[in-house]
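Chain by chain, the residues:
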Amino acid sequence: MFLNYIKEFFVKKTLNKNLNNFKNEVFTSNIQTIGLLIDESGFGHSKELVNELILQGIAPQNIKVVAYRSKFKEKETYLIPTFGSKHIKWSGEITEVFLNEFITVEFDLLISYYDIENAILMMITNQSKARFKVGFASVDKRLNRWMIDTALQNYKLFAFELFKYLKSIK
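To keep things clear, this report deals only with the structure shown in the data block. Just so you know, these numbers come straight off a predicted model, no measurement behind them.

## Concerning the packing of aromatic side chains
How two aromatic rings sit relative to each other is set out by the distance from centre to centre and by the angle between their planes.
In step 1: Evaluated as defined, the whole model comprises 9 aromatic pairs.
In step 2: Measuring from centroid to centroid gives 6.2 Å for F43 and Y155, while their planes differ by 75°, and the two rings are edge-to-face. Of this pair, F43 sits in the loop between β1 (34–39) and α2 (46–55) while Y155 is found in helix α5 (residues 155–169), placing the two residues 112 residues apart along the sequence. Take F43 and Y155: they sit in the same class, and that class is buried.
In step 3: Following the ring pairs from residue to residue traces out a cluster consisting of F43, Y113, F136, Y155 and F158.

Next comes the structure, spelled out in structure tokens:
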């Protein structure tokens with residue numbers, strides 16, 4: 001437990017260094033691919049959130065989801081690719097293959113679906129090659145280009161607000 005706090009401290013330190021290297025993402029009005037980074041530690045509606053994105057016209061095969069759990073269990077089988085703090089080294093290096101692949105994909109839009117600042121999730125959002133990043137207003141403003149101020153459990157409102165803004169920009 002204590003080692004996890006130290007690990008998080010070092011990951012935060014690495015993240016803060018990298019947050020200063022801010023890159024301006026360009027919004028493309030035609031959103032085809034979406035990366036969805038979800039903190040499932042306190043949110044249990046991942047499938048419903050994906051369904052909301054599909055209802056907004058995004059093809060299911062163009063949505064890639066990864067989930068974080070603070071209490072990751074090796075022996076448990078998860079429906080979506082899931083990782084925990086065990087998959088991140090102290091230096092911030094990612095050891096899980098699917099997570100490295102997720103970071104390198106150039107999504108048109110990355111949705112960082114977590115409302116509590118978690119160094120591991122913030123580091124993944126920061127390292128992502130996505131063209132445009134959206135998240136919650138309660139998380140560090142340097143990570144995302146758009147911040148939506150809703151409650152984590154209100155995924156329908158989040159999706160509605162997101163696509164309302166995306167359509168108004170077109």
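## Observations concerning the environment of N30
In step 1: Position of N30 relative to the elements: it lies in the loop between α1 (2–19) and β1.
In step 2: Expressed as a C-alpha distance, the spacing of N30 and L166, which sit 136 residues apart in the sequence, is 9.1 Å.
In step 3: At a separation of 2.7 Å, a polar atom in the side chain of N30 contacts the side chain of Q32.

## Let's talk about the pairing of strand β5 (residues 133–136)
In step 1: In the sheet, strand β4 (residues 109–113) pairs with β5 via 3 bridges, with the strands oriented parallel. The partner of S112 across the bridge, within β5, is G135.
In step 2: Considered for its hand, the β-α-β crossover made up of β4, helix α4 (residues 119–127) and β5 is right-handed.
In step 3: In terms of strand pairing, β5 meets strand β6 (residues 146–148) through 3 bridges, oriented parallel. Bridge pairing in β6 links F136 to I148.

## Some thoughts on the pattern of salt bridges
In step 1: Per the stated rule, a full pass over the model turns up 5 salt bridges.
In step 2: Here R131 ties to D108 by a salt bridge, and the two come within 2.4 Å at their closest N and O atoms. Residue R131 is located in the loop between α4 and β5, and its partner D108 is located in the loop between α3 (97–104) and β4; the two are separated by 23 residues in the primary sequence.
In step 3: Exposure remark for R131: the relative accessible area of 32% places this residue in the partly exposed category.
In step 4: Between E161 and K164 there is a salt bridge, and its shortest N-O distance comes to 3.4 Å. Of this pair, E161 and K164 both sit in helix α5, 3 residues apart, which is roughly one turn of the helix.
In step 5: Each of E106, D108 and R131 takes part in salt bridges that share partners, so that together they form one network.

## Things to note about the pairing of β4
In step 1: Taking burial as the measure, the 5 residues of β4 include 5 buried ones, the bulk of the element.
In step 2: With 5 bridges joining them, β1 and β4 adopt parallel strand pairing. Note that in β4 the partner of I38 across the bridge is Y113.

## What about the sheet that holds strand β2 (residues 63–68)?
In step 1: The parallel open sheet is built from 6 strands, whose spatial order is β3-β2-β1-β4-β5-β6. Sheet topology places β3 (82–83) and β6 at the edges, where each strand pairs with a single neighbour.
In step 2: Against the sheet, α3 touches β1, β2, β3 and β4, its axis set at about 130° to β2.

## A word on α5
Because each turn of an α-helix spans 3.6 residues, side chains separated by three or four positions in sequence point in the same direction.
In step 1: An ideal rise of 1.5 Å per residue puts 21 Å on 15 residues; α5 measures up with 21 Å between its terminal C-alpha atoms.
In step 2: When α5 is considered as a whole, its buried residues turn out to be Y155, F158, A159, E161, L162, F163 and L166.
In step 3: On its buried side, α5 packs onto β1, α2, β4, β5 and β6.

How each quantity is defined
- Each chain has its residues counted from 1, running along the sequence as written.
- Per-residue local features are limited, in this predicted model, to residues with pLDDT of at least 70; the limit for side-chain atom pairs, both in listing and counting, is 80 or more; totals at the level of whole chains, interfaces and linings are taken over all residues.
- Computation of side-chain values covers all heavy atoms of the structure but excludes hydrogens and water.
- Planes of paired rings set the category: under 30 degrees apart is stacked, over 60 is edge-to-face and the rest tilted, where pairs are Phe, Tyr or Trp rings (Trp by its six-membered ring) whose centres lie within 6.5 Å.
- Only DSSP runs of H or I covering at least 4 residues are called helices, and only runs of E covering at least 2 are called strands; the numbering of each starts at the N terminus.
- Burial classification: accessible surface area is computed with a 1.4 Å probe over protein chains only, and a residue below 20% of its type maximum counts as buried, one above 50% as exposed, and the rest as partly exposed.
- Within 3.5 Å is the distance limit for a polar contact, defined as a pair of N or O atoms, with the added protein rule that one can donate a hydrogen and the other accept it, and that residues adjacent in sequence qualify only through two side-chain atoms.
- Following DSSP output, two strands are said to pair if at least two bridges run between them.
- Crossovers are described as right-handed under a simple rule: with the strands pointing away from the observer, the path leading from the first strand over the helix to the second runs clockwise.
- What makes a salt bridge here is a side-chain nitrogen of Lys or Arg within 4 Å of a carboxyl oxygen of Asp or Glu, nothing more.
- In this analysis, two residues are considered to be in contact whenever any of their non-hydrogen atoms come within 4.5 Å of each other.
- Axis definition: a line fit to C-alpha positions, over the contact stretch in the case of helices; interaxial angles, taken between N-to-C directions, run 0 to 180 degrees.
- Any helix carries an expected span of 1.5 Å times its number of residues minus one.

Fair warning: the whole summary comes from geometry, so function is off the table for now.
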